[in-house]
Amino acid sequence: MRSELQRPRTLILPPAPYAAALLGGWWLDRHVLPLAFDGGAASRPLGWLWLAVGLMLFSWTLWTFYRHHTTVNPYAGASALCTGGPFRFSRNPIYLGDWFILVGVALLLNTLWPLLFAPLIWVMLRFGVIRHEEAHLEAKFGEAYRQYKRRVRRWI
């Protein structure tokens with residue numbers, strides 16, 4: 001328990017699974033088997049919209065961390081418990097934003113491949129990152145974090 005008090009024992013860099021799904025999906029679509037993700041004329045505008053929503057959520061979360069003087073680094077210990085801003089709606093707003101970005105880029109690339117990796121991404125994040133971050137926050141902030149967990153869902 002002592003190690004969780006200092007910092008989370010995060011196993012993977014959180015953006016890595018998303019990036020791997022996008023790059024691998026793009027490669028598979030171009031070199032192995034095309035799997036079109038075509039929504040017709042709406043694909044490009046919807047892709048840009050999803051991407052923009054994800055980037056805005058990411059930026060809002062970074063601003064919230066900055067205002068609370070805590071870190072976004074998944075390997076460093078939190079110095080403050082953020083419960084405002086996007087944290088009012090999700091305990092993991094950056095990862096939620098990453099999902100929006102994944103869908104948006106998949107639409108823009110016109111391939112379903114990155115979305116087929118979604119279950120694997122979820123498992124990697126849930127057990128390689130979020131489990132460790134939650135253990136750190138509970139060890140560091142105790143009852144305040146447990147109350148926050150009861151009020152706010154992990155995703156949305």
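That block above? That's the structure.
Residues numbered from 1 in each chain as written. Predicted model: local features only at pLDDT ≥ 70, side-chain atom pairs only at ≥ 80, totals over all residues. Heavy atoms only, no water.

1. Side note on helix α2 (residues 15-31)
At step 1: If you check α2, its first and last C-alpha atoms are 24 Å apart, about what 17 residues at 1.5 Å a residue would give, namely 24 Å.
At step 2: Along α2, the residues that are buried comprise Pro-17, Tyr-18, Ala-21, Leu-22, Gly-25, Leu-28 and Asp-29. What you see down the axis of α2 is that its buried residues fit within an arc of 140°, all on one side. Seen from the open side of α2, the exposed residues pointing more than 90 degrees away from its buried face are Leu-23 and His-31. (Helix = DSSP H or I, 4+ residues; strand = E, 2+ residues; numbered from the N terminus. Expected span 1.5 Å × (residues − 1). Buried < 20%, exposed > 50% of the residue type's maximum accessible area, 1.4 Å probe, protein only. Arc of directions from axis to C-beta.)

2. Some words on the packing of aromatic side chains
At step 1: All chains considered together, the criterion is met by 7 aromatic pairs.
At step 2: Positioned above the aromatic ring of Phe-127 is the side chain of Arg-126, whose terminal nitrogen or guanidinium carbon lies 5.2 Å from the ring centre. (Phe/Tyr/Trp six-rings, centres within 6.5 Å; stacked < 30°, edge-to-face > 60°. Lys NZ or Arg CZ within 6 Å of the ring centre and 35° of its normal.)

3. So, the environment of Val-123
At step 1: By secondary structure assignment, the location of Val-123 is in helix α6 (residues 118-141).
At step 2: Residue Val-123 is classed as partly exposed on the basis of its relative accessible area, which comes to 39%.
At step 3: Residues Val-123 and Ser-90 lie 33 residues apart in sequence; the distance between their C-alpha atoms is 18 Å.

4. Remarks on the nonpolar core
At step 1: Tyr-18, Tyr-95, Trp-99, Leu-102, Ile-121, Leu-125 and Trp-155 are the most contacted members of the largest nonpolar core, which has 26 residues in total.
At step 2: Elements with a minimum of two residues in this core: α2, α3 (43-67), α4 (93-109), α6 and α7 (143-151).
At step 3: The element contributing the most residues to this core is α4, with 7 residues.
At step 4: Excluding residues that lie within four positions of it along the chain, Ile-121 makes contacts with Pro-17, Tyr-18, Ala-21, Trp-99 and Leu-102. (Core = buried A, V, L, I, M, F, W, Y, C linked by side-chain atoms within 4.5 Å. Contact = heavy atoms within 4.5 Å.)

5. A look at the packing of α6 against α7
At step 1: The geometry of α6 relative to α7 is characterised by a closest axis approach of 6 Å and an angle of 130° between their N-to-C directions. One finds that α6 runs oblique with respect to α7. Judged by residue contacts, Glu-134, Leu-137, Glu-138 and Phe-141 of α6 engage Glu-143, Ala-144, Tyr-145, Arg-146 and Lys-149 from α7.
At step 2: Each residue belonging to the contact of α6 with α7 can be placed in one class, and the counts come to 4 nonpolar, no polar and 5 charged. (Axes fitted to C-alpha atoms, helices over the stretch in contact; angles between N-to-C directions. Parallel < 35°, antiparallel > 145°, perpendicular 65-115°, else oblique. Nonpolar A, V, L, I, M, F, W, Y, C, P; charged D, E, K, R; others polar.)

6. Quick notes on the side chain of His-132
At step 1: Take His-132: it is sitting in helix α6.
At step 2: Residue His-132 is classed as buried on the basis of its relative accessible area, which comes to 7%.
At step 3: Residues in contact with His-132, not counting those within four places in the same chain, are Pro-8, Arg-9, Thr-10, Leu-11 and Phe-127.

7. Here we look at the pattern of salt bridges
At step 1: Tallied over the full model, the rule gives 7 salt bridges.
At step 2: Across the salt bridge formed by Arg-146 and Glu-138, the nearest N and O atoms sit 3.3 Å from each other.
At step 3: Judged by relative accessible area, Arg-146 falls into the partly exposed class, the value being 30%.
At step 4: Residue Glu-138 is classed as partly exposed on the basis of its relative accessible area of 27%.
At step 5: Notably, a salt bridge pairs Glu-138 with Lys-149, separated by 3.4 Å at the nearest N-O pair. Of this pair, Glu-138 sits in helix α6 while Lys-149 sits in helix α7; the two residues are 11 residues apart in sequence, bridging distant segments of the chain.
At step 6: Among the charged side chains, a salt-bridge network with shared partners connects Glu-138, Glu-143, Arg-146, Lys-149 and Arg-150. (Salt bridge = Lys/Arg side-chain N within 4 Å of Asp/Glu carboxyl O.)

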